Amino acid sequence: MSAPLEITLHTPVKQLPGVRASNATALAALGVHNLGQLAAYLPMRHEAHQAETSIAEIRPGTIVTTRGEVTATRSVAGRSGKKSRFEAVLHDGTGRLDLVWFNAPYMRRTLHPGVRLSVHGDVRAFGSGIQVANPKYSILDDAKPEPIAAEARVRSVYPASEHISSNVIEEVIRATLPLALPLIDDHLLPEHRRKRELPELREAYRMIHLPETEAEAAGGRRRLAYDELLLLQLGVHMKRAHLRGTLRSPALAWSATIDQHIRARFPFALTPDQNRVLKEVTADLTKDTPTNRLIQGDVGSGKTIVALYAMLLAAASRHQAALMAPTELLAEQHFASISGMLGGSKVRVRLLTGSMSTRDRAVLLRELERGEIDLLIGTHAVISGGVKFHSLAVAVIDEQHRFGVHQRAALRSKGDATVGKAGIGVPPTEPETAGSISEPPHGPHPHAAPLTPHVLVMTATPIPRTLALTLFGDLDVSTIRTLPPGRKPVRTRVLTPDRTDLVYQFVRRRIDAGDQVYIVVPTIDSDALLASSTGVETSIASVESVMARLTSPGGALSGVRVAAMHGRLTQEERDATMRDFRDGRIRALVATTVIEVGVDVPTANVMVIEQAERFGLSQLHQLRGRVGRGRKQSVCLLIGDAVTEVAGQRLAVMRRVNDGFVLAERDFEIRGPGEVFGLRQSGVAPFKVADLMNDRDLLQLATRDAAAWIARSPALARPDESLVRRRLFKAHGPWIGIGDVG
Ligand code: ADP
Ligand code: MG
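The present account deals with the structure reproduced in this document.

Criteria and cut-off values
Residues numbered from 1 in each chain as written. Chains lettered and ligands numbered in written order. Predicted model: local features only at pLDDT ≥ 70, side-chain atom pairs only at ≥ 80, totals over all residues. Heavy atoms only, no water. Helix = DSSP H or I, 4+ residues; strand = E, 2+ residues; numbered from the N terminus. Expected span 1.5 Å × (residues − 1). Buried < 20%, exposed > 50% of the residue type's maximum accessible area, 1.4 Å probe, protein only. Arc of directions from axis to C-beta. Contact = heavy atoms within 4.5 Å. Near = heavy atom within 4 Å. Polar contact = N/O pair within 3.5 Å; in protein donor to acceptor, adjacent residues only side chain to side chain. Areas by Shrake-Rupley, 256 points an atom, 1.4 Å probe, with all protein chains shown as cover. Phe/Tyr/Trp six-rings, centres within 6.5 Å; stacked < 30°, edge-to-face > 60°. Pairing = 2+ DSSP bridges. Axes fitted to C-alpha atoms, helices over the stretch in contact; angles between N-to-C directions. Core = buried A, V, L, I, M, F, W, Y, C linked by side-chain atoms within 4.5 Å. Right-handed = clockwise from strand over helix to strand, strands pointing away.

### Notes on helix H15 (residues 500-512)
Here is step 1 of the chain: Between its first and last C-alpha, H15 extends 18 Å over 13 residues, near the 18 Å set by a 1.5 Å rise per residue.
Here is step 2 of the chain: Every buried residue of H15 is accounted for by Thr-500, Val-503, Tyr-504, Val-507, Arg-510 and Ile-511. Each buried residue of H15 sits inside an arc of 115° when the element is viewed along its axis, so together they form one side. Every exposed residue of H15 that faces more than 90 degrees away from the buried side is listed here: Asp-501, Arg-509 and Asp-512.
Here is step 3 of the chain: Summarising the contacts, the buried residues of H15 are in contact with strand S16 (491-495), strand S17 (516-520), helix H16 (543-551), strand S21 (588-591), strand S22 (604-609) and strand S23 (635-639).
Here is step 4 of the chain: Backbone geometry just after H15 places Gly-514 at a positive phi near 105°.

Structure representation (C-alpha cells):
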C-alpha cells in the first residue's frame, strides 16, 4: 500500500480519490486543475427537485420528478403551420406517462425504447392519460445507479461542457468537497461574520455546493458575494488612502475677495445646487490632499461654470488649470464661452486641439511650459506626449463617460511633470492680496514636494449610485440636481416609422413658424442594408439619404435651408455650419451624434431622432439635451421601431422620464452595468458571484465595512489581516496598482 497522499488545495484533481481520469481531463479544460479550484467552481444556479413519485401517484397540474423506461417513441412531422413533435411513452410498472417534445426532431437519436429516464416537468391531463411537454430529463445509466430521491432536494447546476455534464461535476464535487472544506481558512474574524450574519467561509462553500434547502444555497451565495464586494471595496479604499497618504496637491487660496472677483465674471447668479457643489469643490481644492471628485449633473444643469470657478481658483493662486473635453467642437465651445466671460481680464486662456498647425502648437507648448498660459482648454490633445505644464493645479475632465480611467490617470500624471520645477506646493501667501485672479506665476521653487493636480471629472451621464461606488469608488461625488431657472422640460413622443411623414409635416410647420430643428440619424453614408431580428431587411437612415429625402422637390423640407452635420466634415465646415445654425441662417440640421455633446443653440427647440431604437438611453438623453434650452416649449420626436423588447422598453422609458438620473438607473437595469459603463474596460474584474443589480444592499454593506476597516488599518498590515490582504492583492492587485505596498 502506498502512503496516503497528503491532500492540499493544490492537489491536482486527477490525484483526488474517486475522480476518474476522463473527468479530471474534462475539468482541466474548464480551468479546474486542483482541489482549490474545484471548490471555487461554483454552481450557476440551483434547482429544487421534488421527491420522486411513482407514475401512479402523479396528479395532473403538479410539477413532478419521476423515472421509468421508454417503451415507445414516435416522430410527427410538422405540417401546415403546426410544430413537429417527438413523443415517447414512459412506464415504471405503476402507470404510463406520455412525454412530448416540440420542434426537437433530434430527440429521435437520443431516446429509443429500452432507455431508462429520469424526467422532471409540469404534468397535465391529456386525453384519458397524463402528459409532460418538453420535460427536463436525464438518461439513467445502469452502471451508475442514481438513488431515487425519496425527499425533495436542491441540486446545484454547474457550467458544463460537452465532455462533462453538470450532473457529473456535481458528483465529483460531492465526493471531493469534504476534503477541501477543512483546508479553507476564513479571512473574516468571527465578530465580523456575526455582525453581518455571515456563515464561516468553509460553511459557505458547503452551502452553495451542497445545500440542504434553497435558503441555504442563498445564504452561501450571499457570503461569497459579500466577500467579492468587500475585497473590491477594500482595494478601492486602500488605494484612496494610499493616494491621500503619499501624494500632495497645491492647496489653493480662497477668500471672499477671490470669490467676488470670480463671480463678477459670471453672467448669471448661480443656482443653490451650483453653490453647494462649489462649496464642496472649494473645500477640496484648498487642501493639499489630491481632490478626486466627480461632478454629476444632467445635461444643461450648468457644470461648466463650476469647473471654471475651480480653474480660476488655480489661476488666483498662480497655478495653471486644464479642461479636457471629448470633442473639438465642445472644446471650442468651452473656449469661446470661457474666453467670453474672461474678456478684459488678465487670465490667459488658450485652446489646444489635434487640428492645430505644428507651428501654433509648438508656440503654445512653449508658453504653457513657461507658465505664460493660465487656463488650457482642449481635447485629449491635452494629455498627449510633449504637453508640459509649468504648474498644473486643477485638471478638469468634461463628460467623463467618454474617457476611460486611463485618460484620467494620464491627466493626473501631467502634474508629475512639474515635480520639482513649479512653484506648487508652496502654501499660498496672503490670499487676501491674491485677489486679482491673474497674477503671473512665481518662478520655480527649489523645495517643491512631488505634486499631482486636483482632478475634477464632470459627467452628464449620471452614474447610478451602486456603480459609482464600484467603478468610481475612489471619487467623491457632487451632484447638481436642479436645472437653471426658466427651463421647460422637453416633451417627448415616440412614433412608429409609418408616421414619419406626419412628423415632418409637423417639423415643416414649426420651421415656417420660425423654429429650428435638429434631425438625428444613425450614420453618415448611403444606407447600409441589414437584417433586423424580425428577418425583414431594413436600412440604416443616413445623413445623406435623409437630406435627399427631405430637401428634394416635393420633400417635406423643400425650400428650407437644411445643412448636414457629421464627423467627417472638416473643422472649418462644421464651425461654419454651426455658426449659421446658431445665427438662424440654417433652419434644420441633419446630423449624426456629433451634436450629442456641446453646442448650445437656444432657438433650436425641435428634435427628431430617426431609428431611435439604435441609440442607447443615455445617448438619447444627451441628444435630447440639445433642445429645451430656450424659453419656448421644446419637443423631441423619437421615430422608432420596437424591433426588440429592450428597444421598446428604452423608447417607452424615454417618453416618460426626463430625469437623467432615473434614466441612467433604467439604462443600467435594462442593459446591465457592463454595457452602460464599459465595466470591462474599466479594469475592474467582473464578479463571479455578486450581481450589481440584485446585490445593491450587499454592496452598500461591503462598502461601509471596507471603509471602516481601512480607516482602522490602512495597509491591512496586522498579523490577523494577512489572509485578507493576500486575497485582496490576488484579486485586485494589478488594478489597485499598489501591490508592492508593505
Ligand atoms: P452642462 O452641465 O450640460 O455642461 P452647461 O454648463 O453647458 O451645462 O450649462 C448649460 C447652459 O446653462 C449654458 O448656456 C449656461 O450658460 C447656462 N447656465 C448655467 N448655469 C446657469 C445659471 N445659474 N443661471 C442661468 N443660466 C445658467
Ligand atoms: Mg457640459
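There's plenty left to go through after this.
### Comments concerning the site of ligand 1
Here is step 1 of the chain: Surveying the vicinity of ligand 1 reveals 16 residues, the closest of which are Gly-300, Lys-303, Thr-304, Arg-487 and Asp-600.
Here is step 2 of the chain: A distance of 2.9 Å separates a nitrogen atom of ligand 1 from a polar atom in the side chain of Gln-274.
Here is step 3 of the chain: Contact distances for ligand 1 include 2.7 Å between an oxygen atom and a side-chain N or O atom of Lys-303.
Here is step 4 of the chain: For ligand 1, the accessible surface in isolation is 560 Å², of which the surrounding protein chains cover 78%.

### Let's talk about the packing of aromatic side chains
Here is step 1 of the chain: Scanning all chains against the criterion turns up four aromatic pairs.
Here is step 2 of the chain: Aromatic side chains Tyr-41 and Tyr-158 sit 6.3 Å apart centroid to centroid with 10° between the ring planes, which places their arrangement in the stacked category. Taken together, the residues span a long stretch of sequence, with Tyr-41 in the loop between helix H2 (35-39) and strand S1 (45-49) and Tyr-158 in the loop between strand S8 (153-157) and helix H4 (166-180) at a distance of 117 residues. Taken as a pair, Tyr-41 and Tyr-158 share a single burial class, namely buried.
Here is step 3 of the chain: Consider the rings of Tyr-518 and Phe-581, whose centres lie 5.1 Å apart with planes at 55°: the pair is tilted. Of this pair, Tyr-518 sits in strand S17 while Phe-581 sits in helix H17 (residues 571-582); the two residues are 63 residues apart in sequence, bridging distant segments of the chain. One exposure class covers both Tyr-518 and Phe-581, and it is buried.

### Here we look at the sheet that holds S22
Sheet strands pair by backbone hydrogen bonding; their relative direction is either parallel or antiparallel.
Here is step 1 of the chain: Strand order in this open sheet of six strands is S16-S23-S22-S17-S21-S20, and the pairing throughout is parallel. For this open sheet the edge positions go to S16 and strand S20 (562-565), each flanked by a neighbour on one side alone. This sheet shows a mean twist of 20° between the axes of neighbouring strands, independent of strand direction.
Here is step 2 of the chain: Pairing of S22 with S23 involves four bridges; the strand directions are parallel. Counted as the bridge partner of Val-608 is Leu-637 from S23.

### Brief notes about the nonpolar core
Here is step 1 of the chain: In this structure, Leu-27, Leu-224, Tyr-226, Leu-229, Leu-230 and Leu-234 are the most contacted members of the largest nonpolar core, which totals 54 residues.
Here is step 2 of the chain: Listed by contribution, the elements that provide at least two residues to this core are helix H1 (21-29), H2, H4, helix H6 (201-209), helix H7 (214-246), helix H22 (696-712) and helix H23 (722-736).
Here is step 3 of the chain: With nine residues, the single largest contributor to this core is H7.
Here is step 4 of the chain: Other than its neighbours up to four places away in sequence, Tyr-226 contacts Leu-188, His-192, Arg-196, Leu-198, Leu-698, Leu-701, Ala-702 and Asp-705.
Here is step 5 of the chain: Core analysis: the next-biggest nonpolar cluster, separate from the first, contains 42 residues, Val-306, Val-347, Ile-377 and Ile-480 among them.

### Some details on the pairing of S21
Here is step 1 of the chain: Burial along S21 is two-sided: the residues Ala-588 and Val-590 and Leu-589 and Ala-591 are all buried.
Here is step 2 of the chain: Across four bridges, the pairing between S17 and S21 is parallel. Looking across to S21, one finds that Tyr-518 is bridged to Leu-589.
Here is step 3 of the chain: Relative to S21, S20 is paired through four bridges, and the arrangement is parallel. Directly across from Ala-563, in S21, lies its bridge partner Leu-589.
Here is step 4 of the chain: In this region the chain leaves S20, passes through H17 and returns to the parallel neighbour S21; the handedness of that crossover is right-handed.

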